Amino acid sequence: MDEKYFAKKIEAKWQKKWAESGAFETDIDDAKPKFYQLEMLPYPSGNLHMGHVRNYSVGDASAWYKRLKGFNVLHPIGWDSFGQPAEDAAIKRGANPRDWTEENIKAMRGQLERLGLSYDWTRQMAAHRPEYYKFDQWFFLKMYEMGLAYKKMTQVNWCEFDQATLSNEQASGGICWRCGSAVTKKNLEQWFFKTTAYTDQLLDDMAEIEAGWPANVLKRQRDWIGRSEGAFVEFQISNSKFQISDSKENKSTESIRVFTTRIETIFGVNAVVVAAEHPIIQAHLGDLSPEVIAKIKEIKIEKLKPADREVEIEKDGVDTALKAVNPFSGEELPVWIGNYVMMEYGTGAVMSVPAHDERDFEFAKKFGLPIKQVIEPQRRGDAESEPPGVAGGLTAAFSDYGMLINSGDWSGKTYADAKIEMSEFAKAKGFGETATTYRLRDWGVSRQRFWGSPIPIIYCKSCGVIPEKYENLPVRLPDMAPFTGTGESPLAKVAEFYETVCPNCNEAAKRETDTMDTFVDSSWYYFRYLDPQNTELPFSPDAAAYWSPVDQYIGGDDHAVMHLIYTRFWTKVMRDIGLVKFNEPIKRLLAQGMVVGETFYDDESGKRVYYPASNVTVERDAKGKVIGARSTDGISLKWAIERMSKSKGNGVDPDEMIDIYGADAARLFILFAAPIENELVWNESGIEGSVRFLQRVWRSVWKWKERIQSSKSEVQSEETTLEIRKLRQKTHQTIQRITESLEDLQFNTPVAALMELSNEIGDFKIEPDQATTAEAFAVSEALLSLVIMLAPFAPHTAEELFSEFAGNSDGILANGARFPEFDPELIKSDEIEIPVQVNGKLRSRVMASPDAGSDLLQELALNDEKIKEYTGGKEIVKVVVVPNRLVSIVVKG
RNA sequence: GCCGGAGUGGCGAAAUUGGUAUACGCACUAGACUCAAAAUCUAGCGGGCUUAACGCCCAUGUCGGUUCGAUUCCGACCUCCGGCACCA
C-alpha cells in the first residue's frame, strides 16, 4: 500500500482481481437467504451518462450491503439493445445495426467496469441476440395460442407522398415531419397483446406491492388504467327520416349507447352528443345536410392538430337533426356531434347533462341548449354546498352530489340510492346496464422497423394466418436490409427473409415483416438472468422459483407507467403459462430522481453556451431565486436547470469524472449529494470533498496500521478511558445508524455518518506509538468498521484498506468479512446532557446518567443555578420530565 | 382544471414516536506550515442586540390553532415542482 491515495492504481488493481476471482459471480449457498438486486438495463447508445452512474451506484451499494449481510446476491446487468438509434445509424451512415450495437455494448461495458460495479457478467443478456429474441417469439406464440395476441385493423398516421407510417410525434400538426405534406389516417393491420384481459388484476394486485412501491408510481398506474364505474344506457333513434330502411322487422332498432357515471342525472339530459367518428354518423353520412358534413370535416381536421396542453380547446359541434329518446323520461332529444367527445373512450357517445357537468354546461351555453337542474344540495341553506347562482338559473355546472329533483318517481331520493335503483330499472327494462370502462387499451406491438424481434407469424394463401413452429425459432433477422427511412418495414424488402413455406401445407408463404415493440424485450429480461443459457425455455421454473421475485428494483421514474405496467402484465401471462407462481414480479421499487445540470444560454443570441461552473457567477434576488448569471468574462447569461446531455453542453462525462477523481469518489459523491429520489443538480466542487474524505480515511489507516498490527500480539486489557469509551460509542452508534439507513434505502445519510466516524477517529489525539493496547484496539475497531461499511460506497478503497487489516489481498468477501454488528451496551453513555426548558425555552443543561429517573432529573433541573434565575420567586405550575430526553418547567408570575 | 409532492443557512441537505433546529459536505473567512503557491492542519461560519466571560431576542414559506414544548400534528393561504387532462 502506498502512503498516498492513488485512485487509479487501486481501482484498476481491484477490478482485475474481482474479474479474475469471479468475486461477484452468483452462487447459491443453501444456508443463506437470497436477494435479487436489479437495476433497469441501459440502452447501448455507446455512452454512459450520469443518470446511469447514479442508478448503478445505488444498486451496487445495495448489492454490496446485502452480500456483507450474508445473502446470496444476484446482481446482473444486460442490454436493451433493440431500438431505433441503431437503425438511424444505419440510415445516416450506412452502419450495420448489429455491429454498431455490439461496439456500443463493448464500450459501455468498459465504462461500467471502470466504475467497479459488482455485476455477475456471466449472466449478461442482450435483446438483439438471437438466443434472447428467440424467446420474445416463443412468448408471442404462447400468447397467440392463449388468445392474448391478436391482429386487428387500426388507424395509423400515413404520409401519402412518402408512403410511410408515422408515429404521433412524426405526424405532429397533421403535417409529415419529413416532406411537409398533409398526414392522412390509414388502416393498417397491427398485432396487439391483450393487456385489457388483465385490467382488474393489474389494479387489484397492487395491494400486494403497496408496501414496497412508491405511492406515486402506483397512483400513476391506477390513473393510466383509469377504471370508471358507471352504466350504459340506450337512447333509441326516433325520427323516421333516419331509420334504417332495409330493416325488415323493426324500424326503430337503431340506438345510441352512452356511458355515464352519473345515471341519476338522466332527467337533466338535454341532448345526446357523439364523436364525429361515431358509427351512427358514418352510417348516415348520406342523410346529413351539407352543413353538418362540413362541420364533421372541420372537427376531424382540428383533432389532427397537436394538442397544446396549456390552451383549452373551445367547444364546438353541430346538431345532426337526428332525434333520440330519453328512456327514463320519454323526452325526445337532439343528437349533436361534439368535438369534446372522444371515440376512444367509453362508447364515443355521452348524455349531455349541462346542469351537472362542466363540459356539457359549456357546450349548452355556447349553442343555447336548455339547462335543467335535477340535483340539489342535501343540506339546504348551507351556503358552501349551494349550487352557483341557483336563484336566477345556474351560472355554472353543479357537479357535487345531493338529492334528486325534477326526476319523476326518483325525485326526493339521494343520489346514491337513485344511482342503484335507476341502474336496476334500466336493466329490468332492457335499455341499460351497469358497466365499467377503462382507459387502458390493448398493447399495439407491431413496429414497421428492422431492429427488433421479428413477429413469428406466416401468411399462407390457403391456410391463412399460421404461427411459426416452435422448433423453427428463432426467426432470424437478416444481416442488413435496405433502409429507406420511409417508415415502411425494411424487412418487407428482403425476399430471403419473408419468403418461406407454410408450416401447415408446405406451400410458398410470406412472413410477417413487422417487428415487435422494444418494450417486449424489457418486459421479461430480468427473468433471463436467472437462467441465461437455457435453449429450451426463456428460463426454467426452478431457477425462477429460487431467485424471483425481484427483491429490489431501481430505475428512473420515467418508467413508472409504460415499462412497469407491461412487465406486470407479462408476469401474469408467465404465471398463466406456468413459468412462475406469483402475481407480482417486483417486491420493492425505488424510483430515483434525474441528474440535471446547469445550462447557460447567451442572453443576446439565446444560443446555448458552455462554461465550466467555476467560470460563472449565478445571480440571485433577495429571496435567493436565480434571476440570471454572468460569466467571469462579463457576458450576461440565462440560467436553466436541464436534464444532463452532451447536446445541451451541461453533460459530464463519467469517464472524465473517473479519470480526474476516481470511480470511488464519483460514486460516493453521487450518493451523498442528495436523497436518491430527489433531482440531483450536478456540482463539480462537491466531488472534491469526497476525494478529501477518502484521503483522510486512507491516512488514518496508514497512520495506525503498524500499531494495530503490533497490538494483535498483545494481551487484551480491560483498561478503559473516557477517550476510548467515546470512540467506541461513536463506532457502534455509526454501525447502528448506517444499518438502519441502508435497510430504509437511504444512501446520503450513511455517507455523512461515515464522515462523522472518520472525524471522530481523527480527533482521537493519542499518537500510535504511545497508544496502549486498549487504545489501539478501540482505533482498530473503529477503522475496520469504517472500512467495511465503506465498501458499498467506495469498494476499491475499502478493499485496499481492508487488505491491510486482513494481511492478505483476497478481498473483503473472500475473507468472509461481514457488515459489523453494533453492541447496544456500547452505545449507551455514562452521562448524558439533559436540556432544561423554562416556559418552553431552553435555559440550561444538566448532566445525568441515562438511567436517571424522573424524580432525580426534576431535582437536578430545579437545583441548577441558571434555572433558579428563571424560577426564583415564581410559582412552579408544572414540571414535565421525559427521562433520557428533557425537563420542561412551567412557571407563573 | 383535477390529483400528488415539496418549501429549513450563500448552496446540497440532517433532525427517532412532537423533545437541545441547522448533523455531514460544498463555498467562504482568518490563522499555522511554506521563499511562495498548492496540498494539509487549526479555528470561525443562520440573522440581530449587547458584549467580547456569560448572555438575550428572532428565525424551518405566511397566518392562526392544539401542546409544557411544533420543522414534525390540525386549519387557511402563498409559492414552486411533478403527473394527468375535454375520461363522460
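Note that this is a predicted model, so its numbers are computed, not measured.

1. Examining the pairing of strand β18 (residues 464-467)
In step 1: Bridge analysis of strand β17 (residues 457-460) against β18 gives 4 bridges, and the strand direction is antiparallel. Its bridge partner being in β18, I458 is matched across the sheet by I466.
In step 2: Counting the residues between successive antiparallel strands, the hairpin from β17 to β18 contains 3 residues.

2. Here's the deal with the sheet that holds strand β20 (residues 508-511)
In step 1: Read across the open sheet, the 4 strands follow the order β18-β17-β20-β19; overall the sheet is antiparallel. One side of each edge strand has no neighbouring strand; the edge strands of this open sheet are β18 and β19 (499-501). The mean angle between the axes of side-by-side strands here comes to 45°, regardless of whether they run parallel or antiparallel.

3. A closer look at the confidence of the model for chain A
The predicted coordinates of low-pLDDT regions are not to be read in fine detail.
In step 1: Of the residues in chain A, 85% reach a pLDDT of 70 or more, and the chain-wide mean stands at 86.
In step 2: Here residues 245-252 is modelled with pLDDT under 50, and outside its nearest four sequence neighbours on either side it reaches 6 contacts, counting other chains as well.
In step 3: The complex prediction reports pTM at 0.89, with the ipTM value standing at 0.94.

4. A few points about a positive patch on the surface
In step 1: A cluster of basic residues, K4, R692, R696 and R699, forms a positive patch at the surface.
In step 2: Structurally, K4 can be placed in the segment before α1 (7-21).
In step 3: Residue K4 is classed as exposed on the basis of its relative accessible area of 58%.

5. A closer look at the sheet that holds strand β1 (residues 34-39)
In step 1: Pairing within the open sheet is parallel, and its 4 strands lie in the order β2-β1-β22-β23. Whereas interior strands pair on both sides, the edge strands pair on one side only; in this sheet they are β2 (72-74) and β23 (589-592). Between one strand and the next, the sheet's axes are offset by a mean angle of 15°, whatever the strand orientation.

6. Some remarks on the packing of aromatic side chains
In step 1: Counted under the stated rule, the structure contains 49 aromatic pairs.
In step 2: With a centroid separation of 6.4 Å and an interplanar angle of 65°, the aromatic rings of W138 and Y470 are classed as edge-to-face. Of this pair, W138 sits in helix α5 (residues 130-145) while Y470 sits in the loop between β18 and α13 (495-498), and the two are 332 residues apart along the sequence.
In step 3: We classify W138 as buried; its relative accessible area is 8%.
In step 4: Measuring from ring centre to ring centre gives 4.8 Å for Y546 and W547, while their planes differ by 90°; the resulting arrangement is edge-to-face.
In step 5: Y546 gets classed as partly exposed once you look at its relative accessible area, which sits at 26%.
In step 6: With a relative accessible area of 2%, W547 lands in the buried category.

7. Observations concerning a negative patch on the surface
In step 1: Judged by side-chain charge, E25, D27, D29 and D30 come together as a negatively charged surface patch.
In step 2: Here E25 shows up in the loop between α1 and β1.

8. Some thoughts on helix α11 (residues 358-367)
In step 1: Taken as a whole, α11 has its buried residues at D360, F361, F363 and A364. Viewed end-on, α11 has its buried residues packed into an arc of 165°, placing them on one side of the element. For α11, the exposed residues set more than 90 degrees away from the buried face come down to E358 and K365.
In step 2: Residue G368 follows α11 closely and has a positive phi angle near 65°.

9. Let's talk about the environment of D319
In step 1: By secondary structure assignment, the location of D319 is in strand β9 (residues 317-325).
In step 2: When the C-alpha positions of D319 and K295 are compared, they lie 9.9 Å apart, and in sequence the two are 24 residues distant.
In step 3: Those residues in contact with D319 that lie beyond four places of it in its chain are V292, P334, V335 and W336.
In step 4: In terms of polar contacts, D319 uses its side chain to reach the backbone amide nitrogen of A321, at 3.0 Å.

10. A short note on unusual backbone geometry
In step 1: The step from L473 to P474 runs through a cis peptide bond, and the omega angle for that step is 0°.
In step 2: With respect to the element layout, P474 can be found in the loop between β18 and α13.
In step 3: Cis rather than trans, the peptide bond between S548 and P549 has omega equal to 0°.
In step 4: Within the fold, P549 resides in the loop between α15 (541-547) and β22 (552-556).
In step 5: Despite not being glycine, N406 shows a phi value in the positive range, around 50°.
In step 6: The residue N406 is located in the loop between β13 (403-404) and α12 (415-429) in this model.
In step 7: Unlike most non-glycine residues, N506 shows phi in positive territory, near 65°.
In step 8: Mapped onto the secondary structure, N506 falls in the loop between β19 and β20.

So, how was this worked out
- The written sequence of each chain sets the order in which its residues are numbered from 1.
- The order in which chains are written sets their letters, starting at A; the order in which ligands are written sets their numbers, starting at 1.
- This being a predicted model, a pLDDT of at least 70 is required before a residue's local features are given, and a value of 80 or more before pairs of side-chain atoms are given or counted; all residues contribute to the totals for chains, interfaces and linings.
- To get the side-chain values, all heavy atoms of the structure are used, and hydrogens and water are removed first.
- Paired strands, as defined in this entry, are two strands with at least two bridges between them according to DSSP.
- Runs of E in the DSSP output that reach at least two residues are strands. Runs of H or I that reach at least four are helices, and both are numbered from the N terminus.
- Axis lines are fitted through C-alpha atoms, for helices just across the contact stretch, and the angle between N-to-C directions can take any value from 0 to 180 degrees.
- Residue-level confidence of the predictor, termed pLDDT, takes values from 0 up to 100.
- By definition, residues are in contact when any of their heavy atoms lie within 4.5 Å.
- Here the term patch refers to residues with relative accessible area over 30% and no salt bridge, with like charges joined within 9 Å and nonpolar side chains (Val, Leu, Ile, Met, Phe, Trp, Tyr) within 5 Å.
- Note on areas: these come from Shrake-Rupley sampling with a 1.4 Å probe, and a residue is covered only by the protein chains present in the view.
- The salt bridge definition used is simple: a Lys or Arg side-chain nitrogen within 4 Å of an Asp or Glu carboxyl oxygen.
- Asp and Glu are treated as the negative residues and Lys and Arg as the positive ones, with His and the ends of the chain left uncounted.
- Taken as the charge location is NZ of Lys, CZ of Arg, CG of Asp or CD of Glu.
- Note on classification: 1.4 Å probe, protein chains only; a residue is buried when its accessible area is under 20% of the maximum for its type, exposed when over 50%, partly exposed between these limits.
- Geometry of aromatic contacts follows a simple scheme: Phe, Tyr and Trp rings, the Trp one being its six-membered ring, pair when their centres are within 6.5 Å, and the pair is stacked under 30 degrees between planes, edge-to-face over 60, tilted otherwise.
- To obtain the arc, one takes the directions from the helix axis to the C-beta atoms.
- Pairs of N or O atoms are called polar contacts if they sit within 3.5 Å, as long as, within protein, a hydrogen donor faces a hydrogen acceptor (for residues adjacent in sequence, only side-chain-to-side-chain pairs).

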